[in-house]
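Architecture and fold: a report
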Protein chains: 2
Amino acid sequence: MPAMSIMSPSGELEPILNKTMADIVEARLREYIRTKNYKPGDALPTEMELAEGLGVSRNVVREALSRLRMLGIIETRKKRGMVITQPDILGSFEKVLDPIMIDEATMRDIFELRLVLEMGLPDLLFPRLTEAHVTELEKIAREEQATDNFRIQNEIAFHGKLYEITGNNTLKRFQSLLLPIFAYVITLEEKPTRGKISHSGLVELLKTGNKEAFRQGMLEHLRPHFDRLEHPTPGE
Amino acid sequence: MPAMSIMSPSGELEPILNKTMADIVEARLREYIRTKNYKPGDALPTEMELAEGLGVSRNVVREALSRLRMLGIIETRKKRGMVITQPDILGSFEKVLDPIMIDEATMRDIFELRLVLEMGLPDLLFPRLTEAHVTELEKIAREEQATDNFRIQNEIAFHGKLYEITGNNTLKRFQSLLLPIFAYVITLEEKPTRGKISHSGLVELLKTGNKEAFRQGMLEHLRPHFDRLEHPTPGE
DNA sequence: ACCTTCGTTATGTACTACATAACAACAAAA
DNA sequence: TTTTGTTGTTATGTAGTACATAACGAAGGT
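Figured I'd write up the structure that's included with this text.

Definitions and limits used
- Residues numbered from 1 in each chain as written.
- Chains lettered and ligands numbered in written order.
- Predicted model: local features only at pLDDT ≥ 70, side-chain atom pairs only at ≥ 80, totals over all residues.
- Heavy atoms only, no water.
- Helix = DSSP H or I, 4+ residues; strand = E, 2+ residues; numbered from the N terminus.
- Buried < 20%, exposed > 50% of the residue type's maximum accessible area, 1.4 Å probe, protein only.
- Contact = heavy atoms within 4.5 Å.
- Areas by Shrake-Rupley, 256 points an atom, 1.4 Å probe, with all protein chains shown as cover.
- Least-squares fit on C-alpha atoms with pLDDT ≥ 70 in both.
- Buried area = accessible area lost by both parts, 1.4 Å probe.
- Salt bridge = Lys/Arg side-chain N within 4 Å of Asp/Glu carboxyl O.
- Nonpolar A, V, L, I, M, F, W, Y, C, P; charged D, E, K, R; others polar.
- Polar contact = N/O pair within 3.5 Å; in protein donor to acceptor, adjacent residues only side chain to side chain.
- 1 Å grid on protein atoms, 1.4 Å probe; cavity = no way out; pocket = protein on both sides within 12 Å on 5 of 7 lines; lining within 4 Å.
- Points joined across faces, edges and corners; volume = space filled by probe spheres on them.
- Near = heavy atom within 4 Å.
- Axes fitted to C-alpha atoms, helices over the stretch in contact; angles between N-to-C directions.
- Parallel < 35°, antiparallel > 145°, perpendicular 65-115°, else oblique.
- Left-handed = near helix turned anticlockwise from the far one by under 90°.
- Pairing = 2+ DSSP bridges.

Looking only at helices and strands, one finds eleven helices and two strands in chain A. Taken from the N to the C terminus, the helices and strands of chain A come in the order α-α-α-β-β-α-α-α-α-α-α-α-α. By the burial criterion, 47% of the 236 residues in chain A qualify as buried. Contacts in chain A between residues far apart in sequence, at least 24 positions, make up 70% of those at least 6 positions apart. When the accessible surface of chain A is split by element, carbon and sulfur atoms take 55% of a total near 12,500 Å².

Of the two same-sequence chains, chain A is brought onto chain B (RMSD 0.1 Å, axial shift 0.0 Å) by a rotation of 180 degrees. Look at the turn and shift together and you get a two-fold axis relating the two. Considering only C-alpha atoms, the residue of chain A closest to the rotation axis is Gly-120 of chain A, which sits at 2.0 Å. Residue by residue, 97% of the interface of chain A is reproduced at the interface of chain B, so both copies engage with the same surface.

With that settled, the discussion passes to the interface of chain A and chain B. A common way to report how large an interface is uses the accessible area buried once the components associate. Between chain A and chain B, the contact holds 62 residues from the first and 61 residues from the second. Here chain A meets chain B over a buried area of about 5,600 Å², counting both sides, of which 59% is carbon and sulfur. Area buried by chain A at its contact with chain B is led by Ile-89, Met-101 and Arg-128 of chain A, which between them contribute 12% of it. At the boundary of chain A with chain B, the tally comes to eight salt bridges. A salt bridge links Arg-34 of chain A to Asp-98 of chain B; the shortest N-O distance between them is 3.8 Å. Breaking the side of chain A that touches chain B down by element, the ones donating at least two residues are helix H1 (21-35), helix H3 (58-71), strand E1 (74-77), helix H4 (91-95), helix H5 (104-120), helix H6 (122-125), helix H9 (169-188) and helix H11 (211-227) of chain A. Here the side of chain A that touches chain B takes nine residues from H5 of chain A, the largest share from any one element. Class assignment of the residues belonging to the side of chain A that touches chain B gives a composition of 29 nonpolar, 14 polar and 19 charged.

Residue and element names in this part refer to chain A. Structurally, Glu-47 is set in helix H2 (residues 47-54). Residue class for Glu-47 comes out buried when judged on its relative accessible area of 14%. Within the local environment of Glu-47, its side chain forms a polar contact with the side chain of Arg-58, the two groups lying 2.7 Å apart. Within the structure, the side chain of Glu-47 is placed 2.8 Å from the side chain of Arg-62, a separation counted as a polar contact. If sequence neighbours within four positions are ignored, Glu-47 has contacts with Arg-58, Val-61, Arg-62, Leu-65 and Met-82.

This brings us to empty space enclosed by the protein. A full pass over the atoms with the stated rule returns four cavities of 30 Å³ or more. As a volume, the largest cavity reaches approximately 50 Å³. Of the residues belonging to the lining of the largest cavity, the class tally is four nonpolar, no polar and four charged.

The next point concerns the protein's contact with DNA strand D. Among the 23 residues in the neighbourhood of DNA strand D, the closest are listed as Thr-20, Met-21 and Ser-57 of chain A together with Arg-58 and Thr-76 of chain B. Within 4 Å of the protein, the contacting atoms of DNA strand D are 72% sugar and phosphate, with bases supplying the remainder. Within the backbone of Ser-57 of chain A, one N or O atom sits 2.7 Å away from a phosphate oxygen of DNA strand D. The separation between a base nitrogen of DNA strand D and a polar side-chain atom of Arg-58 of chain B is 2.9 Å.

On to the protein's contact with DNA strand C. Taken together, the neighbourhood of DNA strand C is formed by 22 residues, with Arg-58 and Thr-76 of chain A together with Thr-20, Met-21 and Ser-57 of chain B sitting nearest. Atoms of DNA strand C within 4 Å of the protein: sugar and phosphate make up 71%, bases the balance. The side chain of Lys-79 of chain A places a nitrogen or oxygen atom 3.3 Å from a sugar or linking oxygen of DNA strand C. One of the backbone nitrogen or oxygen atoms of Lys-78 of chain B is found 3.4 Å away from a sugar or linking oxygen of DNA strand C. Of all elements in the fold, only H3, E1 and strand E2 (81-84) of chain A together with helix H3 (58-71) of chain B reach the threshold of two or more residues within the surface near DNA strand C.

Residue and element names in this part refer to chain A. Interaxial distance between H5 and helix H8 (residues 151-165) falls to 11 Å at its minimum, and their mutual angle equals 55 degrees. Between H5 and H8, the crossing angle belongs to the class labelled oblique. For the pair H5 and H8, the crossing hand works out as left-handed. From H5, Arg-114, Leu-117 and Glu-118 reach across to H8, where they touch Glu-155, His-159 and Tyr-163.

To continue, consider the side chain of His-133 of chain B. All names here are of chain B. Here His-133 lies in helix H7 (residues 131-146). A relative accessible area of 18% places His-133 in the buried class. With residues near it in sequence (within four places) discarded, His-133 still touches Arg-128 and Ile-165.

Residue and element names in this part refer to chain B. Strand direction decides the pairing type here: strand E1 (residues 74-77) and strand E2 (residues 81-84), joined by four bridges, are antiparallel. Paired with Ile-74 across the bridge in E2 is Ile-84. Between the antiparallel neighbours E1 and E2 lie three residues, among them Lys-79 with a positive phi of about 70 degrees.

Limitation: the analysis is restricted to geometry and does not speak to function.
This is the structure:
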C-alpha cells in the first residue's frame, strides 16, 4: 500500500500539534468565560461539574484552572467555588520577563520600545506637569552630579520619575518591568554612552514649557542609543 | 480576652495570603531555573524527582509545571522529559488582554500608551523608511477615501503599517495585541473624532523627510484623542 | 439577638493505576 | 555494514479514589 502522506497539501511539513487535554480545556474555559459574558465576581461551576461537562478528569480541569488562577483571571476559595476576577495585565508579563531567557533580538526590540516611549512621553508629560514635579526632578538631577559613579541607578530614578509624572500607572509599571532589560542591554555596550544633554539640562528644558525643545533634548540625551540602531537589523 | 489583631503593625489591613502549594512550587521552580542558570534546551529533572525533592505530590508539581508550560518557559515531551524554552514574552500577555475583563481605568491607560507610542514612532520610522514603504502607505491612504464608512479598519491598517515599517517585530505584535483595546475605547467616544490631518496628509509629510513635521502632523491627527485626556485623571 | 455547634460542600493534596509516546538497544535482513 | 524491525524501558498524560481543610449555613442553646 502507498505510504501515508506526512506532507500537508501545500507540501510543507505539518507542525506536530501536541495539544494536551489541559491545553484544550484551558482554551475551552477561556472561551466559555468570554462567550457567557462573565463579569468579575461571577461564580463558575465547580471543578467536578466542569470535569463532567467536558468529559475529562478533575485532574485535567485543575491544571487548566491553575493556569487561569496564575493569570489572575479567576480566584478560588474553598467551598465558595471559583469567581472571575480582573486580571493584572502586567502580572503575567512579569513572569516571563527574565532577561536570562529572552533572546537578544527581542531584547533589542524592547530597548527600541523604550526609546519610542521616551520620545513620545512629552505629550503626556506636559499636560500633567506641576511645580512639585519639577522640584523632584531637580533633586534627582542634582544627586546625579554628586554620585557620579552610580549613573545607572540615577538614570533609572530620573526616567522613572518622568513616567510617574504622567499619572499613568500602567505605563509606569510597564516601564519598571522593562528596566532589567534596559539595564542588560546597556551592559552589552562598550562605552559609557553619555549623551550631550544631562538630566539637569532636561529639567531646564522642561521648565521652559517648550514641549518640542524638551523632546529634542531627550533625543540628544538618548542619542548614543539611537546611533547604535540606525540600521534596519539586516542580518537576522 | 482581647480580640486578635487583624491589623498589621503598620495599621494596614494585611492581605490574606492564600498561597497554595502549586503557587509555592511554581515560585520555587522559577527560582530554581533562574539560579541554576538554565539555558534553553537544558533538561529538567523528572516530575517525580521534583515532587520528591520538594516533598509534595506529583499532582502539585504538575499544576506548577502546567503554568510554566503555558507561559512557554518549558516544553515537555513524553519520555524525553522537560526542557527549558524561550518564552514568547507577548504570548502570555495576549491571554489576559480580553477587553471584557479589564477595568476602564486600565483601558484608558493603555490608550494613552498608544498615543505615546505613536508620537515616539517617528524616531524609529525615519531611519528605516524605504520608497516601497511609502508606496504601501499611499495605497492604504487612497483606500481610505474610497471606503469611507469602514474608517476603523482603515485606521488599523494604516497605523499598523507604520509599526511594521519600524522592523521591530515585538513592537508590531504589541500594537496588534492592544488593538482591541483601542477599538473599544474608540467606541466609548461620542463623535467620530476625525483629526485635521488625514492619512494622506501624513504620507505627504513622510515624503518630505522632515521628521518633526511628521510628528506634528501625527499630533494633529490624534488631536481629538489628546484633547480628551488633558486632565490628570482626578476622579478615581 | 448572639454565640456555638455541626453537617455540608468545594477546593487542596496525596496516592495509585494505566495509557502512550519516545528513546535505546538489540536483532534480523538486505 | 547499513538499514530496518522488535522489544523493553522510561517519563509524561489521564483517570480515579480518598481524605484534609476551610467556609458557609442551618440548627440549637444561652
